[in-house]
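A look at the structure
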Amino acid sequence: MAIPNIRIPCRQLFIDGEWREPVKKNRLPIINPSTEETIGDIPAATSEDVDIAVRAARNALRRDDWGSTTGAQRAKYLRAIAAKVLEKKPELATLETIDSGKPWFEAAADMDDVVACFEYYADLAEALDSKKKTEVKLHLDAFKTHVYREPLGVVGLITPWNYPLLMSTWKVAPALAAGCAAVLKPSEMASITSLELGEVCREVGLPPGALNILTGLGHEAGSPLVSHPDVDKISFTGSGLTGVKIMTAAAQLVKPVTLELGGKSPIVVFDDIHDLDIAVEWTLFGCFWTNGQICSATSRLILQETIASKFLDRLLEWTKNIKISDPLEEDCKLGPVISRGQYEKIMKFISTAKNEGATILYGGERPPHLKKGYYIQPTIITDVDTSMEIWKEEVFGPVLCLKTFKTEEEAIELANDTRYGLASAILSKDLDRCERFAKASQSGCVWINCSQPCFWQPPWGGKKRSGFGRELGEWGLENYLNIKQVTQYASPNEPWGFYKSPSNL
Ligand code: NAD
């Protein structure tokens, strides 16, 4: 597919089906991470805009054109959104690449996932119609109970920058499928494609207010959304630090939250792997894909001692072969990280590892052929101790650290030696061992003989400090539904008989 030459659209906030200037008229720069140049700007919402957007969302729920829709009607909108995204795929992928630095072909694959996710939730929206009202069998004949699954209300969706439009879609598609009205707050680091989703919604005629999109800073736009008394739920994906702030603020209003946070996931490689090169490639992909900025990055390589030397030699050869370049270049496999701040943070992790006694076996520097842009070489760190920062903390960059093990027991212990619990991976020919590992892993997702493939049908989410709640699949839809019990006394002519009736005195 040809990469189009593109102009950055200048958008406003998307509220009530139209583009609106922020009340305070503030804007934030868009910086291309591969050139460090400012290439445009996005509107910066504040609490005043949050109020307007939440009101628009609430009104949408009161109006028949959204509030009274069936799942089948909402499915039509979701399918229309999917079709428009597909039509605009080359343009959207290019915008995503310029904004976030991810290689164009990865951005294009993200757009395919966006399309598939909207289509998948269109199917679930249709299926919801027959499950909207279900009977619950009771042990008494005098009562009848049924359960309604109804939209939760107005939901606030706050997303990060590593998969900008895809992370927004993981929340927007099920929220709309369920019949909620949503206010989306994408990351200020990469908001372009989420704003373009507003244009898509306008073009397909999504009823006004069903989806509102507020770009802006976390403390100015995200925080008032979380604390807004008329927002019924917050679904958040981002860092643990922000997750704690969001949970604390939401707790003041007893507002439910779903938290998809960071990780420090392990990949355990046993000496009975099927094939050395295949195992090496999954190890690289597990950590360096998306420029190393993957929440579930398997960034702790736990390697069986017996194959360590052979495996490392091959890992180095493959790593040296990774093409680092402008992410719009064909065959780019590693682009820049998102921002100067993130670049400096990652470099600090590498220098701290060195100061704590670890060895930078490969990388750890800016690639010599790229003088500008937030580029970091794929980095492999050995001689790592479990007390080191590099073993414990999420780097969110292309940095892999390594420890060896002797026995399966030790491998499982090392894999679970983290306060996070998002994902884990095991590479081994022995499927019984893989099954034992999957059961013992303290995480929300386990990959066997691979790392990272993520589909929209199974559940996604973590345990421990990686958060709670599940996105994707039917679990993703449940996030946006209220379960209401309706119980009827089915013998209205029979007295209840708890108190003495005055007529019997
Ligand atoms: P971040 O926490 O800095 O920001 C995420 C979002 O929260 C942004 O939209 C930001 O503006 C907003 N925000 C910041 N402060 C806020 C506040 N006080 N109140 C409300 N909103 C606020 O995270 P990031 O740097 O954008 O993303 C990287 C993190 O996201 C990593 O830790 C990564 O592991 C995690 N992540 C997790 C998953 C997952 O599925 N578990 C997926 C992708 C990314």
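Our subject is the structure that appears above.
Just so it is clear, the structure is predicted and the values come from calculations on it, not from any experiment.

**Section: the packing of helix 14 (residues 408-415) against helix 15 (residues 431-440)**
Here helix 14 crosses helix 15 at 35 degrees, and the two axes come no closer than 10 Å. Helix-helix and strand crossings are classified by hand; for helix 14 and helix 15 the assignment is right-handed. Contacts between helix 14 and helix 15 involve Glu408, Ile412 and Ala415 from the former and Arg433, Arg436, Phe437 and Ala440 from the latter. By residue class, the composition of the contact of helix 14 with helix 15 is four nonpolar, no polar and three charged.

**Observations regarding the sheet that holds strand 16 (residues 399-405)**
Pairing within the open sheet is mixed, and its seven strands lie in the order 14-15-16-13-12-18-19. A strand with exactly one partner marks an edge of an open sheet, and here the two such strands are strand 14 (359-362) and strand 19 (445-448). Neighbour-to-neighbour, the strand axes of the sheet open up by a mean angle of 25 degrees, direction not taken into account. Where strand 13 (residues 300-304) meets strand 16, five bridges bridge the pair, whose relative direction is parallel. Counted as the bridge partner of Ile302 is Lys403 from strand 16. The strands that helix 14 touches are strand 12 (266-269), strand 13 and strand 16; relative to strand 16, the one it contacts most, it runs at about 150 degrees.

**Regarding the site of the ligand**
As a structural note, the neighbourhood of the ligand is formed by 28 residues, with Lys185, Glu188, Ser239, Thr242 and Glu394 the closest of them. Separating an oxygen atom of the ligand from a backbone N or O atom of Gly238 is a distance of 3.3 Å. One of the side-chain N or O atoms of Glu394 is found 2.6 Å from an oxygen atom in the ligand. Bound to the protein, the ligand loses 90% of the 860 Å² it would expose on its own. For the shell around the ligand, the residue count by class is twelve nonpolar, eleven polar and five charged.

**Focus on the pairing of strand 8 (residues 181-185)**
Taking burial as the measure, the five residues of strand 8 include five buried ones, the bulk of the element. Burial along strand 8 is two-sided: the residues Ala181, Val183 and Lys185 and Ala182 and Leu184 are all buried. Taken together, the five bridges between strand 7 (residues 154-158) and strand 8 define a ladder with parallel strand orientation. Bridge pairing links Ile158 to Lys185 in strand 8. As paired elements, strand 8 and strand 9 (residues 211-213) share three bridges and run parallel to each other. Residue pairing for strand 9: Leu184 is matched across the bridge by Ile213.

**Examining the state of the cysteines**
Joining two cysteines, a disulfide is a covalent bond between their sulfur atoms. Applying the stated criterion to the full structure yields zero disulfides. Unpaired in this structure, Cys180 has its nearest cysteine sulfur neighbour in Cys201, at a distance of 15 Å. Note on Cys332: no disulfide assigned, nearest cysteine sulfur contributed by Cys287 at a separation of 16 Å.

**Thoughts on the packing of aromatic side chains**
In the structure shown here, the tally under the stated rule is 15 aromatic pairs. Consider the rings of Trp282 and Phe285, whose centres lie 6.0 Å apart with planes at 80 degrees: the pair is edge-to-face. Separated by three residues within a single helix, Trp282 and Phe285 lie in helix 10 (residues 276-288), roughly one turn from each other. Residue classification places Phe285 among the partly exposed positions, given a relative accessible area of 31%. Through a chain of ring-to-ring contacts, the aromatic side chains of Tyr163, Trp282, Phe285 and Trp289 assemble into a single cluster. Above the face of the Tyr480 ring, Lys233 is positioned so that its terminal group lies 5.9 Å from the ring centre. Lying across the ring of Trp391, Arg300 places its NZ or CZ 4.5 Å from the centre.

**So, a negative patch on the surface**
Taken together, the side chains of Glu409, Glu410, Glu413 and Asp417 make up a negatively charged region of the molecular surface. One can find Glu410 in helix 14.

**Comments concerning the pairing of strand 11 (residues 257-260)**
Burial along strand 11 is two-sided: Val257 and Leu259 facing one way and Thr258 and Glu260 facing the other are all buried. Here four bridges tie strand 10 (residues 233-237) to strand 11, and the two strands are oriented parallel to one another. Bridge pairing in strand 11 places Thr237 opposite Glu260. Handedness of the crossover joining strand 10 and strand 11 through helix 9 (residues 240-251): right-handed. By the bridge criterion, two bridges tie strand 11 to strand 21 (residues 467-468) in an arrangement that is antiparallel. Counterpart to Glu260 in the pairing with strand 21 is Gly467.

Calculation criteria
- Residues numbered from 1 in each chain as written.
- Predicted model: local features only at pLDDT ≥ 70, side-chain atom pairs only at ≥ 80, totals over all residues.
- Heavy atoms only, no water.
- Axes fitted to C-alpha atoms, helices over the stretch in contact; angles between N-to-C directions.
- Helix = DSSP H or I, 4+ residues; strand = E, 2+ residues; numbered from the N terminus.
- Left-handed = near helix turned anticlockwise from the far one by under 90°.
- Contact = heavy atoms within 4.5 Å.
- Nonpolar A, V, L, I, M, F, W, Y, C, P; charged D, E, K, R; others polar.
- Pairing = 2+ DSSP bridges.
- Near = heavy atom within 4 Å.
- Polar contact = N/O pair within 3.5 Å; in protein donor to acceptor, adjacent residues only side chain to side chain.
- Areas by Shrake-Rupley, 256 points an atom, 1.4 Å probe, with all protein chains shown as cover.
- Buried < 20%, exposed > 50% of the residue type's maximum accessible area, 1.4 Å probe, protein only.
- Disulfide = S-S within 2.5 Å.
- Phe/Tyr/Trp six-rings, centres within 6.5 Å; stacked < 30°, edge-to-face > 60°.
- Lys NZ or Arg CZ within 6 Å of the ring centre and 35° of its normal.
- Patch = residues over 30% accessible without salt bridge, like charges linked within 9 Å, V, L, I, M, F, W, Y side chains within 5 Å.
- Salt bridge = Lys/Arg side-chain N within 4 Å of Asp/Glu carboxyl O.
- Lys, Arg positive; Asp, Glu negative; His and termini not counted.
- Charge placed at Lys NZ, Arg CZ, Asp CG, Glu CD.
- Right-handed = clockwise from strand over helix to strand, strands pointing away.

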